[in-house]
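Topology and contacts: notes
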Amino acid sequence: VAMLTGPKPLAGKRVLVTAGGTVERIDPVRYITNDSSGKMGFAIAEAARDRGAQVTLVVGKADVEPPNGVDVVAVRSALEMREAVMERLPDVDVVVKAAAVADYRPARQATEKMKKSAEALTLELVPNPDILQEIGEWKAAREVGARQPFIIGFAAETTDVEKHALDKLKRKKCDLIVANDVTAEGAGFGIDTNVVSVYGPAGLVEKLPLLSKKDVAGRILDLIAVSTRPTGG
Ligand code: CTP
Ligand code: CA
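If you're wondering where the values come from, they're calculated on a predicted model, not measured in any experiment.

Let us look at the UniProt feature "binding site: CTP" (unreviewed entry) in the chain. According to UniProt, the feature "binding site: CTP" (unreviewed entry) maps to Asp-103, Lys-113, Pro-129, Asp-130, Ile-131, Leu-132, Phe-154, Lys-168 and Lys-172 in the numbering used here. On the basis of their most widely separated C-alpha atoms, the annotated residues across 70 residues do not gather in one place, lying as much as 37.8 Å apart. Checked against the lining of the largest pocket, the annotated residues just named reduce to Asp-103, Pro-129, Asp-130, Ile-131, Leu-132, Phe-154, Lys-168 and Lys-172. Assessed through its relative accessible area of 27%, Asp-130 is described here as partly exposed. At 2.9 Å, the side chain of Asp-130 forms a polar contact with the backbone nitrogen of Gln-133. Using a relative accessible area of 18% as the deciding quantity, one classes Lys-168 as buried. When near neighbours in sequence (up to four residues on either side) are disregarded, Lys-168 contacts Ala-155, Ala-156, Glu-157, Lys-173 and Ile-177.

Have a look at this one:
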């Protein structure tokens, strides 16, 4: 029991967390982004640090300061986030993908500030790579015996939360997915609380009540600690 509930259950583990929103440039003074505050991902990084892990935090745009005691890697676009994550994968034991990655980016990035005209302007967007899915595919292609990261994704949903979360878990080959009903009272972007359910390949693992993001992070890290114990499943 001491090993299970000890104060530093993640000692010696390397945990990579992504947080915040990505920033997709249109021109030198304009960009597309989303409402992610970074708070959930930062709380995850803190909870991992407090459990003894060595934490790398890959962060896009955030409204608050990242926690102390973690290695911060600042990125902007989804393409930069992908590079920062993929190059570190061989060395990590756990990946938590809490970032809100923009699904699209402008097809072209103007090097000079765009000038207005009287015409309507159509901005062409192209899909960004799905970083979480690439992590899952990278893991699936790993040879047996090589270091295999435990992968946790997030799913921000407004309808059919369970169905969409389980779809994402399968498609992206995650070990756990944290589903966020962003329309629920006390959940969503910018605020300090969240309402989440955690799913694994066999379905619901834990449905959490309305909690502070700090407490949500603690529960998620406790699940990770149990799931990644040497003798654990
Ligand atoms: N994600 C990612 N790369 C992307 C888009 C999403 O790594 N280009 C990750 C997020 O960090 C999150 C998970 O995938 O952990 C789910 O993100 P979400 O936006 O809920 O799912 P999508 O697959 O983008 O589907 P949709 O937005 O259409 O619901
Ligand atoms: Ca998305």
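Before going further, it helps to spend a moment on the coordination of the calcium ion (ligand 2). With distances of 2.5 to 2.6 Å, the protein atoms coordinating the calcium ion (ligand 2) are Asp-103 (OD) and Asp-103 (OD). Among the secondary structure elements, Asp-103 is positioned in the loop between strand 6 (94–97) and strand 7 (104–106).

Further remarks concern the pairing of strand 6. Residues of strand 6 alternate between two faces, with Val-94 and Val-96 on one and Val-95 and Lys-97 on the opposite face, all of them buried. Bridging between strand 1 (residues 14–19) and strand 6 involves four bridges; their strand directions are parallel. Each bridged residue has a counterpart across the sheet, and for Leu-16 the counterpart in strand 6 is Val-95. The pairing of strand 6 with strand 9 (residues 150–157) spans four bridges and is classified as parallel.

The subject of this paragraph is the sheet that holds strand 4 (residues 54–59). One open sheet accounts for eight strands, arranged 5-4-1-6-9-10-12-13; its pairing is mixed. Two strands in the sheet have a free side with no partner beyond their single neighbour: strand 5 (71–74) and strand 13 (203–207). Pairs of neighbouring strands in the sheet enclose a mean axial angle of 20°, with direction left out of account. Across four bridges, the pairing between strand 4 and strand 5 is parallel. Its bridge partner lying in strand 5, Val-59 is registered against Ala-74. Packed onto the sheet, helix 6 (residues 213–227) meets strand 6, strand 9, strand 10 (176–181), strand 12 (196–200) and strand 13 and runs at close to 145° relative to strand 9.

All right, on to the side chain of Thr-22 then. Looking at where Thr-22 falls in the secondary structure, it is placed in the loop between strand 1 and strand 2 (24–27). For Thr-22, a relative accessible area of 0% corresponds to the buried category. A distance of 2.8 Å separates a polar atom in the side chain of Thr-22 from a polar atom in the side chain of Glu-24. Side-chain polar atoms of Thr-22 contact the backbone nitrogen of Ala-102, separated by 2.9 Å. Every residue in contact with Thr-22, bar those within four places of it in the chain, is listed here: Ile-32, Thr-33, Asn-34, Arg-76, Ser-77, Ala-78, Met-81, Ala-100, Val-101 and Ala-102.

The rules behind the values
Residues numbered from 1 in each chain as written. Chains lettered and ligands numbered in written order. Predicted model: local features only at pLDDT ≥ 70, side-chain atom pairs only at ≥ 80, totals over all residues. Heavy atoms only, no water. UniProt positions renumbered as here; feature names shortened; annotations may be inferred. 1 Å grid on protein atoms, 1.4 Å probe; cavity = no way out; pocket = protein on both sides within 12 Å on 5 of 7 lines; lining within 4 Å. Buried < 20%, exposed > 50% of the residue type's maximum accessible area, 1.4 Å probe, protein only. Polar contact = N/O pair within 3.5 Å; in protein donor to acceptor, adjacent residues only side chain to side chain. Contact = heavy atoms within 4.5 Å. Donors = N, O, S within 2.8 Å, 3.2 Å for Na, K, Ca; no water. Helix = DSSP H or I, 4+ residues; strand = E, 2+ residues; numbered from the N terminus. Pairing = 2+ DSSP bridges. Axes fitted to C-alpha atoms, helices over the stretch in contact; angles between N-to-C directions.

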